[in-house]
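One letter stands for each residue in the lines below.
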Amino acid sequence: QVQLVESGGGLVQAGGSLRLSCAASGRTFSRYNMGWFRQVPGKEREFVAAITWSGGSTYYADSVKGRFTISRDNAKNTVYLQMNSLKPEDTAVYYCAASYGLGFSESGYPYWGQGTQVTVSS
């Protein structure tokens, strides 16, 4: 089992940048594929980005491709989401998630953090 804690959210103007971090507990972090999801009130949680256990492959939602970058440091048990050129529609609670499998829907991830709020003002 793995426990996840996100940080780095906040308020930023449109066009700005933020870097989210997700720190994982446990010795098996490097075995997990990791994902970032986001959710706004009244909507389903949506996939943002994913990275394989080795960091060798990354995947992005079309809405963030070219603006967001997912990465990981297995020595630090941490996964990151660098968010550039932020838009007001990126405003959401961002969650990191872990899974032995690799998928793009929340049902494929059994382990979740508590989320961090990102607000982008226009």
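Conventions and cut-offs
Residues numbered from 1 in each chain as written. Predicted model: local features only at pLDDT ≥ 70, side-chain atom pairs only at ≥ 80, totals over all residues. Heavy atoms only, no water. Helix = DSSP H or I, 4+ residues; strand = E, 2+ residues; numbered from the N terminus. Buried < 20%, exposed > 50% of the residue type's maximum accessible area, 1.4 Å probe, protein only. Contact = heavy atoms within 4.5 Å. Patch = residues over 30% accessible without salt bridge, like charges linked within 9 Å, V, L, I, M, F, W, Y side chains within 5 Å. Areas by Shrake-Rupley, 256 points an atom, 1.4 Å probe, with all protein chains shown as cover. Salt bridge = Lys/Arg side-chain N within 4 Å of Asp/Glu carboxyl O. Polar contact = N/O pair within 3.5 Å; in protein donor to acceptor, adjacent residues only side chain to side chain. Core = buried A, V, L, I, M, F, W, Y, C linked by side-chain atoms within 4.5 Å.

1. Some points on the side chain of Asp90
In step 1: Tracing the chain through its elements places Asp90 in the loop between strand E8 (78–83) and strand E9 (92–99).
In step 2: Judged by its relative accessible area of 1%, Asp90 falls in the buried class.
In step 3: In this view, Asp90 contacts Arg38, Arg67, Phe68, Ser85, Val118 and Val120; residues no more than four positions away in its chain are not counted.

2. Here we look at unusual backbone geometry
In step 1: The backbone phi angle of Asn77 is positive, close to 55°, even though this residue is not glycine.
In step 2: Along the chain, the position of Asn77 falls in the loop between strand E7 (68–73) and E8.
In step 3: With a phi angle near 50°, Ser85 is a residue other than glycine that sits in the positive phi range.
In step 4: Checked against the element boundaries, Ser85 lands in the loop between E8 and E9.
In step 5: Overall, the relative accessible area of 41% leaves Ser85 in the partly exposed class.

3. Thoughts on a nonpolar patch on the surface
In step 1: Taken together, the side chains of Tyr59, Leu102 and Phe104 define a hydrophobic patch exposed on the protein surface, amounting to about 260 Å² of accessible area.
In step 2: For Leu102, the location among the structural elements is in the loop between E9 and strand E10 (111–112).

4. Remarks on the environment of Asp90
In step 1: Sequence spacing of Asp90 and Gln39 is 51 residues, and the spatial spacing of their C-alpha atoms is 9.6 Å.
In step 2: For Asp90, the side chain forms a polar contact with the side chain of Arg38, separated by 2.9 Å.
In step 3: Reaching out from Asp90, the side chain makes a polar contact with the backbone nitrogen of Lys87 at a distance of 2.8 Å.

5. So, the nonpolar core
In step 1: Counting 33 residues, the largest nonpolar core has Met34, Trp36, Leu81, Met83 and Tyr94 as the members making the most contacts within it.
In step 2: Residue assignment for this core shows that the elements contributing at least two residues are strand E3 (18–24), strand E4 (33–39), strand E5 (46–51), E7, E8, E9 and strand E11 (116–121).
In step 3: What Leu81 contacts, discounting residues up to four positions off in sequence, is Leu18, Arg19, Leu20, Trp36, Val48, Ala49, Phe68, Thr69, Ile70 and Tyr94.

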